[in-house]
Amino acid sequence: GKFSKSRGVGVFGDMAKDTGIPADIWRFYLLYLRPEGQDSAFSWSDLMLKNNSELLNNLGNFINRAGMFVCKFFGGTVPSMVLTPDDKRLLARVTLELRQYHQLLEKVRWVAETLGLEQGSG
């Protein structure tokens, strides 16, 4: 059914935190399910299935393929990288965007704390 904090249906931020499951796994799962204009159902078994089959298997496969590629084409050693001026401009732009994102995130946290909306309240 639909999440309802008053009826105790669903998993909410404080509950997710208390599980001890790393935040990155929750992020992956929520992004994987991301409903586009519809509700989505949560189940612990689906979280475990997606973590094991989608995240771990795909990540393990990617790492294995990258390692095999490096062994096959570079003798098992990742070559040194030489950044071009375009690479450096791109990195500077990404760094700027990340800084702005973090600043905005801190503003949201400050507003939430100021309004009493921080985790664990309400």
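Structure first, text after, so check above.
Before going into details, it helps to say that this report is about the structure given with it.

Analysis parameters
- Residues numbered from 1 in each chain as written.
- Predicted model: local features only at pLDDT ≥ 70, side-chain atom pairs only at ≥ 80, totals over all residues.
- Heavy atoms only, no water.
- Helix = DSSP H or I, 4+ residues; strand = E, 2+ residues; numbered from the N terminus.
- Buried < 20%, exposed > 50% of the residue type's maximum accessible area, 1.4 Å probe, protein only.
- Contact = heavy atoms within 4.5 Å.
- Areas by Shrake-Rupley, 256 points an atom, 1.4 Å probe, with all protein chains shown as cover.
- Salt bridge = Lys/Arg side-chain N within 4 Å of Asp/Glu carboxyl O.
- Phe/Tyr/Trp six-rings, centres within 6.5 Å; stacked < 30°, edge-to-face > 60°.

### Concerning the overall build of the protein
Secondary structure summary: the protein contains four helices and zero strands in total. Ordered by position from the N terminus, the helices and strands of the protein form the series α-α-α-α. Looking at the 122 residues of the protein, the share that counts as buried comes to 9%. Contacts spanning at least 24 positions in sequence make up 26% of the contacts within the protein whose residues lie at least 6 apart. Surface exposure of the protein reaches about 10400 Å², of which carbon and sulfur atoms provide 61%.

### Considering the pattern of salt bridges
Counted by the stated rule, this structure contains five salt bridges. Of the charged contacts in the structure, one is a salt bridge between Asp 24 and Arg 27, with a shortest N-O distance of 2.5 Å. Residue Asp 24 and its partner Arg 27 are located together in helix α2 (residues 23-33), separated by three residues, close to a single helical turn. Judged by its relative accessible area of 56%, Asp 24 is exposed. Arg 109 is the salt-bridge partner of Glu 106, the closest N and O atoms lying 2.8 Å from each other. Of this pair, Glu 106 and Arg 109 both sit in helix α4 (residues 85-114), three residues apart, which is roughly one turn of the helix.

### Structural notes on the side chain of Lys 50
Positionally, Lys 50 belongs in helix α3 (residues 44-74). Leaving out residues up to four positions away in the same chain, Lys 50 has contacts with Phe 28, Tyr 29, Tyr 32 and Leu 55.

### As for the packing of aromatic side chains
What the rule picks out here adds up to four aromatic pairs. Ring plane angle 75° and centroid distance 5.9 Å describe the contact between Trp 26 and Trp 44, whose orientation is recorded as edge-to-face. Taken together, the residues Trp 26 in helix α2 and Trp 44 in helix α3 connect sequence positions 18 residues apart. On the basis of relative accessibility, which here comes to 9%, the residue Trp 26 falls in the buried class. The exposure class assigned to Trp 44 is partly exposed, which follows from its relative accessible area of 45%. Relative to Tyr 32, the ring of Phe 28 has its centre 5.7 Å away and its plane inclined at 40°; by these criteria the two rings are tilted. Placement of both Phe 28 and Tyr 32 in helix α2 is noted, with a separation of four residues, approximately one turn of the helix. An aromatic cluster of three or more residues is present, and its members are Phe 69, Phe 73 and Phe 74.

### Some words on the environment of Gly 76
Here Gly 76 is to be found in the loop between α3 and α4. Look at Gly 76 and you get partly exposed, because its relative accessible area is 44%. Beyond its immediate sequence surroundings of up to four residues, Gly 76 is in contact with Val 70 and Cys 71.

Everything listed here is a matter of geometry and, on its own, says nothing about what the molecule does.
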